[in-house]
Protein chains: 2
Amino acid sequence: MQFASRLDNVETSAIRELFKLLGKPGIISFAGGFPDSAMFDVEGLREASRRALDEEPGGALQYGATEGYEPLRAQLSSFMKNKGVDVAPDGLIVTTGSQQALDLLGKTLISPGDKVIVEGPTFLATIQCFRLYGAQLISAPVDANGVDADKLEALIAEHKPKFVYLIPTFGNPSGGTLSLERRKKVLQAAVKHGTVIVEDDPYGDLYFGEAPPPSLMALTAQVPGSRELLVHCGSLSKVLSPGLRIGWMIAPAELLAKATMCKQFSDAHTSTFAQATAAQYLKSGRMPATLAHVREVYGQRAAAMGAALKREMGDAVSFTQPGGGLFFWARLTGAGGKLADANQLAKRAIEKGVAFVPGAPFFAQDPDVATFRLSFATANAEKIEEGIGRLGQALKG
Amino acid sequence: MQFASRLDNVETSAIRELFKLLGKPGIISFAGGFPDSAMFDVEGLREASRRALDEEPGGALQYGATEGYEPLRAQLSSFMKNKGVDVAPDGLIVTTGSQQALDLLGKTLISPGDKVIVEGPTFLATIQCFRLYGAQLISAPVDANGVDADKLEALIAEHKPKFVYLIPTFGNPSGGTLSLERRKKVLQAAVKHGTVIVEDDPYGDLYFGEAPPPSLMALTAQVPGSRELLVHCGSLSKVLSPGLRIGWMIAPAELLAKATMCKQFSDAHTSTFAQATAAQYLKSGRMPATLAHVREVYGQRAAAMGAALKREMGDAVSFTQPGGGLFFWARLTGAGGKLADANQLAKRAIEKGVAFVPGAPFFAQDPDVATFRLSFATANAEKIEEGIGRLGQALKG
């Protein structure tokens, strides 16, 4: 069987191979990218789905508009308004998870050979998704304060990309958060060069102490001309439930219309059953308590992991304590002649009974093999202590 | 903003413009392609979703495997077994409606410029979906017995298409059903020329009297070598609920693996909440009664529409009474000097208070402007009488 040429641009990821080893009994896994199932508000979602079927069964079970179920678009408009973004219900479309927003952006914007700038490192499924549409990815460097805005602008000027894709808040995998100053610079650079910026924001609500700076979308109000160039992707997956597959995309009207047309031929619309349930949940007023709960629990786990890493790994790893999200992004320093290759460490770690993801595959260009990602979301503090202890043993060899 | 070149291959359909007129008060619409909301087993689905959340909330609300939720794959395997198809749970993947199966086939198989053979007429969203991936569509003629198998083989030999896409049973829009003899010929032609055949089968369970011939997938058992060339797309949308967005695809292992990779970057997975609900519903044993109910009600409506068409339109239209599905496919004969252009009739009909879809857009090549599609799914017998009466008035001018 002969497959489409676009498949030549992607390969089965090394991470998938690693994930096959996770079934080993007794493994403590920091490898996943998912929230803790124990955090789901099952009672609230049960009630929401009951109401969805009681109040408007025809809406919840019938075909729906490709743009999304109206009551959910209205709820998401309010949800965004609370986060400083002024968007009308028809200024956003509902997507089947924010992964679909990425797919629709690829389908709508990327012609084979087009350049797209991403962070180095960035979300693995973004790299593969855009490459399937033939994108040539350019990597912009990041640090704990997010993407280097000056270097990003230089890359924009040099490559004239179709768009720039960023996860500015508690990035996956970097854990980094773009500073307020850099956010404004990014928006100014977008206006100066007429470049579309895609802000992927699945983690922005998951902060542990102080709230992060306003989203790029919220800040467009302060940078004239930037709103017409900004796309914002949101998701309920990390804070409420990934199983609903509810994401959304805010974009300039013309782009939103084209993306809607592409969505029509991708899956017609997102499950109205899931959309009606999400709408009822947001309407129920339980979201603030749910957010407070996940922030508290993940915050404790992040603190436990940071302390354990310092204690067990010392100067053999460098990292910045994340202020939110689900991930630590760490780097093997090689201090004291210790291991500096995270792929090797991952193999040794599996033998010691702990798993994590090496960082190299997250780079679209110039992989840094010393980096790795640890999720603190699904293990409690005790397991985190034990797992990082095993990691320390693995480092010793 | 500059969009991807693939968007040049599609245009906003004339049908969408027509649909905007459907909001007019008092319109009786035969234009839709959806089932009747009143037919949904709301009680059964409420119970199924309650069970899904009670029994395995972690599974129903968490990220899931891209291939699908295991209990649903097992239920779908049994469902297909009852229809004469022997497929293991891992021989199918769950898709976000069968629309996504079409999208994944396009993504996985179509390189720009590749030829694909479809029926003339065929499902409109298929035409657009495949064109977005750059397909050049070739149209094979159909009659009440489905695609002309001899002409199809000649077109395969001439064009060497990437694959052939058929809706063999109660086709949309043709209403036609491929005869048993032609089914075998199609499979033999596939083997002879090494051509992949895609069988889209959302309507096969919706028969009114006698069951239709076995699906192409079921018949592969009788034609050596054909199973390795056959893709089968199924859906719960027409018989249970479109809002769940549950479809599935059975395909040769290598193709299924590539489609799964593409799905990973399209929407990660289909809503596990919807999948777990569908799995519980199928497990509950209510499906046979639901099928019996929809068959009875739609069968009555089809009979009412056929009788009304004969009475009101006489020899001005020709059509074959459908044995299942949701649609009449009719053709203006021009007899007695009456209108022979369905676009003109559609405009007049809207003025008289009845809507339907002209047939021309359903043709990928050589549109027949005399054809049109009427859905009998959503209006009761009384409304059908009244609506077809108005259509008769519109024809008189």
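With an unreviewed UniProt entry as reference, chain A is termed PLP-dependent aminotransferase family protein, source organism Variovorax dokdonensis. In its Cofactor (unreviewed entry) section, the UniProt record describing chain A reads: "pyridoxal 5'-phosphate".

Engineer: Help me understand the domain arrangement of chain A in this model?
Structural biologist: Residue and element names in this part refer to chain A. Domain annotation of chain A identifies domain 1 (5–40 + 289–396) and domain 2 (42–286). One C-alpha centre belongs to domain 1, the other to domain 2, and the line joining them spans 25 Å. Each side of the interface is counted separately: domain 1 has 33 residues, and domain 2 has 35 residues. Together, the buried faces of domain 1 and domain 2 total about 3,000 Å²; carbon and sulfur atoms form 64% of this surface. At the junction of domain 1 and domain 2, the tally comes to zero salt bridges. Along the contact surface separating domain 1 from domain 2 lie 13 residue pairs in polar contact (both at pLDDT 80 or more). At the level of secondary structure, the elements contributing two or more residues to the side of domain 1 that touches domain 2 comprise helix H12 (287–313) and strand E11 (327–332). Among the elements that make up the side of domain 1 that touches domain 2, the one with the highest residue count is H12 (eight residues).

Engineer: I would appreciate a short explanation of the interface of chain B and chain A in the present structure.
Structural biologist: A common way to state how big an interface is: give the accessible area lost once the parts meet. With 71 residues of chain B at the interface, the matching set in chain A holds 71 residues. Roughly 5,900 Å² of surface becomes buried between chain B and chain A when both sides are summed, with 63% attributable to carbon and sulfur atoms. For the chain B face of the interface with chain A, the top three residues by lost area are Leu61(B), Tyr63(B) and Phe265(B), together amounting to 13%. Scanning the region where chain B abuts chain A turns up four salt bridges.

Engineer: Where do I start with the packing of aromatic side chains in this structure?
Structural biologist: Aromatic ring pairs: the centre-centre distance and the angle between the two ring planes describe each pair. All names here are of chain A. Tallying each qualifying case throughout the model produces 21 aromatic pairs over all chains. Note on Tyr203 and Phe327: the rings are 6.0 Å apart at their centroids and 80 degrees apart in plane angle, and the pair reads as edge-to-face. Pair noted here: Tyr203 is in the loop between strand E7 (196–200) and helix H9 (216–219) and Phe327 is in strand E11, with a separation of 124 residues, a long-range link. Judged on exposure class, the residue Tyr203 and its partner Phe327 are both buried. Taken together through their ring pairs, the aromatic side chains of Phe208, Phe319, Phe328 and Phe376 make up a single cluster. Sitting above the plane of the Tyr207 ring, Arg295 keeps its charged end 4.1 Å from the centroid.

Engineer: What should I look at first to understand the pairing of strand E14 (residues 371–375) of chain A in this one?
Structural biologist: Strand residues, when the strand is regular, have side chains that alternate between the two faces of the sheet. Residues and elements named next belong to chain A. In terms of burial, E14 is largely enclosed, as five of its five residues are buried. Burial of E14 is two-sided: the residues Thr371, Arg373 and Ser375 facing one way and the residues Phe372 and Leu374 facing the other way are all buried. Sheet topology places E11 next to E14; five bridges connect them, and they run antiparallel. Considered in E14, the bridge of Phe327 is made with Ser375. Bridge analysis of strand E13 (residues 357–358) against E14 gives two bridges, and the strand direction is antiparallel. Bridge assignment links Val357 to a residue of E14, and that residue is Arg373.

Engineer: Honestly, the side chain of Asp114(B) in this entry has me stumped. Any pointers?
Structural biologist: Residue and element names in this part refer to chain B. Residue position: Asp114 is located in the loop between helix H5 (97–109) and strand E3 (115–120). Looking at Asp114, its side chain comes within polar contact range of the main-chain nitrogen of Ser111, at 2.9 Å. Non-local contacts of Asp114, meaning those with residues more than four positions away in its chain, are made with Leu109, Gly134, Ala135, Gln136 and Lys162.

Engineer: Sorry if this is basic, but what is going on with the sheet that holds strand E7 (residues 196–200) of chain B here?
Structural biologist: Strands pair in a sheet through their backbones, by hydrogen bonds, and they do so in one of two ways: parallel or antiparallel. All names here are of chain B. The sheet built from eight strands is open, its strands ordered E2-E9-E8-E7-E6-E3-E4-E5 with mixed pairing. Each of the sheet's edge strands pairs with one partner strand only, and the pair in question is strand E2 (92–96) and strand E5 (146–147). Here helix H4 (residues 70–81) sits on the sheet and contacts E2, strand E8 (230–235) and strand E9 (246–250); the angle it forms with E2, its principal contact strand, is near 105 degrees.

Engineer: Please explain the sheet that holds strand E13 (residues 357–358) of chain B as it appears in this structure.
Structural biologist: Within the open sheet, the four strands sit side by side as E10-E11-E14-E13 (chain B). Their pairing is antiparallel. At either margin of the open sheet sits one strand with a lone partner, and together these are strand E10 (317–319) and E13 of chain B.

Engineer: Explain the pattern of salt bridges here, please?
Structural biologist: Pairing between side chains becomes possible if they bear opposite charge and their charged atoms approach one another. Evaluation of the coordinates by the stated rule reveals 46 salt bridges over all chains. With a shortest N-O distance of 2.8 Å, Asp36(B) and Arg301(B) are connected by a salt bridge. Linking Asp36(B) in the loop between strand E1 (28–29) and helix H2 (42–55) with Arg301(B) in helix H12 (residues 287–313), this pair joins segments that are 265 residues apart in sequence. For Lys162(B), the salt bridge is made with Asp114(B), and the minimal N-O distance between the two is 2.9 Å. Here Lys162(B) is found in the loop between helix H7 (149–159) and strand E6 (163–166), whereas its partner Asp114(B) is found in the loop between H5 and E3, with 48 residues between them in sequence. The residues Lys162(B) and Asp114(B) share a single accessibility class, namely buried. Each of Glu43(A), Arg46(A), Glu47(B), Arg50(B), Arg51(B), Asp54(B), Glu55(B) and Lys283(B) takes part in salt bridges that share partners, so that together they form one network.

Engineer: How should I be thinking about unusual backbone geometry in this particular structure?
Structural biologist: Leaving glycine aside, a negative phi is the common case for residues, and trans is the common case for peptide bonds. The step from Gly120(A) to Pro121(A) runs through a cis peptide bond, and the omega angle for that step is 10 degrees. Locating Pro121(A) in the fold gives a position in the loop between strand E3 (115–120) and helix H6 (124–132). A cis amide bond links Asn172(B) to the next residue, Pro173(B), at an omega of 10 degrees. By the secondary structure assignment, Pro173(B) is in the loop between E6 and helix H8 (180–193). Positive phi is not limited to glycine here, since Arg245(A) has a value of about 55 degrees. With respect to the helices and strands, Arg245(A) occurs in the loop between strand E8 (230–235) and strand E9 (246–250). Residue class for Arg245(A) comes out buried when judged on its relative accessible area of 2%.

Engineer: Mind showing me how you'd approach the relation of the copies chain B and chain A here?
Structural biologist: A rotation about some axis, followed by a shift along it, carries one copy of the chain onto the other. For the match of chain B to chain A, the screw axis carries a shift of 0.0 Å, the RMSD comes to 0.0 Å, and the turn is 180 degrees. Such a combination of turn and shift is consistent with a two-fold rotation axis. Taken as a fraction of all interface residues of chain B, those also at the interface in chain A reach 100%, which identifies the copy contact as same-surface.

Engineer: Can you walk me through the pairing of E7(A) in this structure?
Structural biologist: Residues and elements named next belong to chain A. The buried fraction of E7 is high, at five of five residues. Residues of E7 alternate between two faces, with Val196, Val198 and Asp200 on one and Ile197 and Glu199 on the opposite face, all of them buried. Where strand E6 (residues 163–166) meets E7, four bridges bridge the pair, whose relative direction is parallel. Each bridged residue has a counterpart across the sheet, and for Val164 the counterpart in E7 is Ile197. You can see the chain leave E6, run along helix H8 (residues 180–193) and come back into E7, and the turn it takes is right-handed.

The rules behind these values
- Residues numbered from 1 in each chain as written.
- Chains lettered and ligands numbered in written order.
- Predicted model: local features only at pLDDT ≥ 70, side-chain atom pairs only at ≥ 80, totals over all residues.
- Heavy atoms only, no water.
- UniProt positions renumbered as here; feature names shortened; annotations may be inferred.
- Domains from an automatic or database assignment.
- Contact = heavy atoms within 4.5 Å.
- Buried area = accessible area lost by both parts, 1.4 Å probe.
- Salt bridge = Lys/Arg side-chain N within 4 Å of Asp/Glu carboxyl O.
- Polar contact = N/O pair within 3.5 Å; in protein donor to acceptor, adjacent residues only side chain to side chain.
- Helix = DSSP H or I, 4+ residues; strand = E, 2+ residues; numbered from the N terminus.
- Phe/Tyr/Trp six-rings, centres within 6.5 Å; stacked < 30°, edge-to-face > 60°.
- Buried < 20%, exposed > 50% of the residue type's maximum accessible area, 1.4 Å probe, protein only.
- Lys NZ or Arg CZ within 6 Å of the ring centre and 35° of its normal.
- Pairing = 2+ DSSP bridges.
- Axes fitted to C-alpha atoms, helices over the stretch in contact; angles between N-to-C directions.
- Least-squares fit on C-alpha atoms with pLDDT ≥ 70 in both.
- Right-handed = clockwise from strand over helix to strand, strands pointing away.

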